[in-house]
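Read off the chains here:
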Amino acid sequence: MSEEIFVAAPAGTAVGDNAIRDIRITPVAFADPPLLNTVGVHEPFALRAIVQMRTGGGAVGLGETYGDAAHLARLALAAEAVLGGDVFAANDMRTRVARALAQRSVTGGHGMSGMVTGTSTADRVLSPFDVAALDIRGKILGVPVSELLGGRVRGRVPFSGYLFYKWEGHPSAGADRWGPALNPEGIVEQARSFINGYGFGALKLKGGVFAPDEEAAAMLALREAFPEVPLRIDPNGAWSVDTSVRIADRLKDVLEYLEDPTVGLEAMAEVRRRTSLPLATNMWVVAFEHIAEAVRLGSIDIVLSDHHFWGGLERSKLLAGISEAMGWGLSMHSNSHLGISLAAMTHLAAATPVLDYACDTHWPWKREDEDVVAPGTFAFDGGALAVPNDPGLGVELDTEGLERLHRQYIDCGIRERDDTGYMKRFDPSFENTAPRW
Ligand code: GKR
Ligand code: MG
């Protein structure tokens, strides 16, 4: 039994060498530890969808995106619409996706569990097709995707160690290999193991879980343990304006930026007026139509790009250009992801001059033996990844890995990310409210 989506040009149709002949979309699930955030806790499996796009000439390109059921339904509509289109015609692909989604509406399921709303649906759906088309273009032309994006300005892309408060394991499974992190000591220990394992030169803590002063204490403990490492905290809008200002003041000599302390562009602007700390967002500027208002209000200093919701790699370069023009800094957001996304993030960061911060990645939270790219594809060195040199994304699909994670998707029964629902199973009094403090 399979829950894959497969669309193909009708048999007998003439399909040009560079035109899209068929698309396969495979939902997968991979093991995820109980990472805490302000809306709840990660479920035992994270969902993704893997896109394989094939041209008339037989070239295959890969893409990766969210795996929630409603998103899959939209991907299916878009896949049908881009069939027959040319992999070099990026504008045409975007028009086809936007038109297909305008004709049929599917509600819900953006894959971010309440932490990002209002992203542009068309851009979110377009993204994996854009990445797959770029992968194919690179293969046809014999160049890495980073060259198609303007050429790499850095050969190695630095990532940050993404720290999470976490339980010792999923309640049904007992302790996991990371153990608990529920206080400043646990967070420092987690950071030490990430730095030892990957060499990360920057650290980010997912906050919004415990009282703000406890989380500030964790940041101060990190500063003491790692005096030279740039630090960030991201409570995903869990703090009121006054709390944000007070905590920003406490951490003003400790953070390189404060990410999404509070809710909405207006409140962010007020916090920004009252603190000297740079403010970053991946919650309130998540689509091109949010930019003008954020500039008008003066809400942020830094935007976290993410090709999964900014319409793919080329539109993320557009965001980079706009950010540069607005005087904003640029960083990179992540969600639980697999190797195709990591390759795309690395090519994009390599080819984006203004991306001055170490990119986020959830990579260390994934089991090494679960992926859809060949084992050993990525090796972190000094917290950074070398940009792949092979044509396209430079990663090979591991068909056995894909099959295994698809089977896991079928068996696990999760069809939508629901951090809040999972948390409520263990703490029925838990409420997803923002701001909480
Ligand atoms: O994985 O729990 C998580 C994160 O909280 C993620 O969902 C956020 O979207 O990492 C993200 C962020 O920076 O807000
Ligand atoms: Mg964030």
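What counts as what
Residues numbered from 1 in each chain as written. Chains lettered and ligands numbered in written order. Predicted model: local features only at pLDDT ≥ 70, side-chain atom pairs only at ≥ 80, totals over all residues. Heavy atoms only, no water. Helix = DSSP H or I, 4+ residues; strand = E, 2+ residues; numbered from the N terminus. Rg over C-alpha atoms; globule rule 2.2 N^0.38 Å. Buried < 20%, exposed > 50% of the residue type's maximum accessible area, 1.4 Å probe, protein only. Contact = heavy atoms within 4.5 Å. Areas by Shrake-Rupley, 256 points an atom, 1.4 Å probe, with all protein chains shown as cover. Lys, Arg positive; Asp, Glu negative; His and termini not counted. Charge placed at Lys NZ, Arg CZ, Asp CG, Glu CD. Near = heavy atom within 4 Å. Polar contact = N/O pair within 3.5 Å; in protein donor to acceptor, adjacent residues only side chain to side chain. Phe/Tyr/Trp six-rings, centres within 6.5 Å; stacked < 30°, edge-to-face > 60°. Lys NZ or Arg CZ within 6 Å of the ring centre and 35° of its normal. Pairing = 2+ DSSP bridges. Donors = N, O, S within 2.8 Å, 3.2 Å for Na, K, Ca; no water. Axes fitted to C-alpha atoms, helices over the stretch in contact; angles between N-to-C directions. Parallel < 35°, antiparallel > 145°, perpendicular 65-115°, else oblique. Left-handed = near helix turned anticlockwise from the far one by under 90°.

Q: Can you walk me through the overall build of the protein chain in this structure?
A: Counting secondary structure elements, the protein chain contains 13 helices and 15 strands. The C-alpha radius of gyration of the protein chain comes to 21 Å, within 12% of the 22 Å expected for a compact globule of 437 residues. Dimensions of the protein chain, computed from C-alpha atoms along their principal axes, come out at roughly 65 × 50 × 40 Å. Taken over 437 residues, the protein chain has a buried fraction of 60%. In the protein chain, 75% of the contacts between residues at least 6 apart in sequence involve partners at least 24 apart. Accessible surface for the protein chain amounts to roughly 16,000 Å². Of this, 50% is attributable to carbon and sulfur atoms. Positive and negative charge centroids in the protein chain, built from 40 and 57 side chains respectively, lie 3 Å apart.

Q: Help me understand the site of ligand 1, please; the structure alone is not making it clear to me.
A: Around ligand 1 there are 17 residues in total, and N37, H42, Y162, K204 and H362 lie nearest to it. The contact in question runs from an oxygen atom of ligand 1 to an N or O atom on the side chain of K206, over 3.1 Å. Here an oxygen atom of ligand 1 and a side-chain polar atom of N236 are 2.9 Å apart. In isolation ligand 1 has 340 Å² of accessible area, and contact with the protein removes 100% of it. Of all the secondary structure elements, the ones that give two or more residues to the shell around ligand 1 are strand 8 (161-164) and strand 9 (203-206).

Q: Looking at this structure, how should I read the packing of aromatic side chains?
A: Between two aromatic rings, the relevant description is the distance of the centres plus the angle of the planes. Counted under the stated rule, the structure contains 16 aromatic pairs. Look at Y422 and F426: their rings are 5.0 Å apart centre to centre, the planes differ by 90 degrees, and that puts the pair in the edge-to-face class. Taken together, the residues span about one helical turn, with Y422 and F426 both in helix 13 (residues 419-426) at a distance of four residues. A relative accessible area of 3% means that Y422 is categorised as buried. Taking relative accessible area as the criterion, F426 reaches 37% and is therefore assigned partly exposed. The positively charged end of R415 is found above the aromatic ring belonging to Y409, 3.9 Å away from the centroid. Seen from the ring of W437, R436 lies directly overhead, with NZ or CZ sitting 5.6 Å from the centre.

Q: Explain the pairing of strand 6 (residues 60-66) to me, please; I cannot follow it from the model alone.
A: The side chains of a regular strand alternate between both faces of the sheet. Extensive coverage of strand 6 is indicated by the burial of six of its seven residues. Of the pairings in the sheet, the one linking strand 5 (residues 45-55) to strand 6 comprises seven bridges and is antiparallel in character. Its bridge partner lying in strand 6, R48 is registered against Y66.

Q: I keep staring at the coordination of the magnesium ion (ligand 2) and nothing clicks. Help me out?
A: Put simply, the ideal angle at a metal is 109.5 degrees for four donors in tetrahedral geometry and 90 or 180 degrees for six donors in octahedral geometry. Only D234 (OD), E259 (OE) and N282 (OD1) from the protein coordinate the magnesium ion (ligand 2), and they sit 1.9 to 2.1 Å from it. Sequence spacing of the donor residues for the magnesium ion (ligand 2), all on one chain, is D-x24-E-x22-N. One end of the pair, D234, is in strand 10 (residues 231-234); the other, E259, is in strand 11 (residues 255-259), with 25 residues separating them in the sequence. Across the pair, E259 and D234 agree in class, each one buried.

Q: Can you walk me through the environment of H406 in this structure?
A: Here H406 shows up in helix 12 (residues 399-412). Considering only alpha carbons, one finds H406 and A59, 347 residues apart in sequence, at a separation of 23 Å. For H406, the residues in contact, after removing those within four places along its chain, are S2, E3, E4, T26, P27 and V28. A polar contact is formed between the side chain of H406 and the backbone nitrogen of E3, at a distance of 3.0 Å.

Q: Before we go on, may I ask you to explain the sheet that holds strand 14 (residues 329-332) in this structure?
A: Backbone hydrogen bonds hold the strands of a sheet together, and the pairing may be parallel or antiparallel. As summarised here, the arrangement of the seven strands in space is 8-9-10-11-12-13-14, forming an open sheet in which the pairing is parallel. Where the open sheet ends on each side, the last strands, each with one partner, are strand 8 and strand 14. Strand-to-strand twist across the sheet, computed as the mean angle between neighbouring axes with direction ignored, equals 25 degrees. With three bridges connecting them, strand 10 and strand 11 associate as parallel partners. By the bridge assignment for strand 11, L231 is matched with L255.

Q: Quick question: what am I supposed to make of the packing of helix 1 (residues 69-82) against helix 3 (residues 121-141) here?
A: Geometry of a packed helix pair, given as the angle between the helix axes and the separation of the axes. As a packed pair, helix 1 and helix 3 sit with axes 10 Å apart at the nearest point and diverge in direction by 65 degrees. Taken together, helix 1 and helix 3 sit at an angle that is classed as roughly perpendicular. Between helix 1 and helix 3 the crossing geometry is right-handed. Contacts between helix 1 and helix 3 involve H71, R74, L75, A78 and A79 on the former and, on the latter, T121, R124, V125, P128 and F129.

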